[in-house]
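Overview (structure and organization)
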Amino acid sequence: NIGPLGAKAIAHALKIVTDDDNNNSKSSSLQCLDLQHNRIGNIGAISIAVALKTNSSLKKCSLQHNRNITLVGTSYLKNTLLSFNQTVEEFHFRNDNNNNNNNGAAA
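Presented here is a report on the structure given in the accompanying data block. Computed from a predicted model, the values in this text were never measured in an experiment.

Calculation notes
Residues numbered from 1 in each chain as written. Predicted model: local features only at pLDDT ≥ 70, side-chain atom pairs only at ≥ 80, totals over all residues. Heavy atoms only, no water. Phe/Tyr/Trp six-rings, centres within 6.5 Å; stacked < 30°, edge-to-face > 60°. Lys NZ or Arg CZ within 6 Å of the ring centre and 35° of its normal. Helix = DSSP H or I, 4+ residues; strand = E, 2+ residues; numbered from the N terminus. Expected span 1.5 Å × (residues − 1). Buried < 20%, exposed > 50% of the residue type's maximum accessible area, 1.4 Å probe, protein only. Arc of directions from axis to C-beta. Contact = heavy atoms within 4.5 Å. Core = buried A, V, L, I, M, F, W, Y, C linked by side-chain atoms within 4.5 Å.

This brings us to the packing of aromatic side chains. Taken as a whole and assessed by the stated rule, the structure comprises zero aromatic pairs. Stacked on the ring of Phe 84, the Lys or Arg Lys 53 has its end atom at 4.8 Å from the ring centre.

This is how it looks when you write it as structure tokens:
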């Protein structure tokens, strides 16, 4: 389990902008991110969401079975994907918390 701090580190990598040989900026080239069963929590979920605001390469993201993501984290992720990110084609989230069973997939 990478936990919230590991998710923050991955989020940072997703936001990194590099310059190519022609001085054009581009984001990470990662296309699929699978963070299932990693207990990233709200902090990790929100960090990933913030990174997805500017990331233009990620196409698939799975955060299924992260029990400690509450409605706060899931709402932030959903709003970010709907408002800012135009490249994510598949987003899978299923939270197995008994108190907070949020299921969702975006395409």
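Having seen the model, we can carry on.
A word on helix α3 (residues 71–83). Here α3 spans 18 Å end to end across 13 residues, near enough to the 18 Å set by a 1.5 Å rise per residue. Within the sequence span of α3, burial applies to Gly 73, Thr 74, Leu 77, Thr 80 and Leu 81. Down the axis, α3 shows its buried residues gathered within 130° of arc, on one side only. Facing away from the buried side of α3 by over 90 degrees, the exposed positions are Leu 71, Val 72, Lys 78, Leu 82 and Ser 83. Check the buried side of α3 and you find it contacts α2 (41–52) and β5 (90–94).

By size, the foremost hydrophobic cluster in this structure holds 20 residues, and its most contacted members are Leu 33, Ile 48, Leu 63 and Phe 91. Counting residues per element, the ones that place at least two in this core are α1 (3–15), α2, α3 and β5. With five residues, α2 is the largest single contributor of residues to this core. Not counting chain neighbours up to four residues away, the residues in contact with Leu 63 comprise Leu 35, Ile 40, Leu 77, Phe 91, His 92 and Phe 93.

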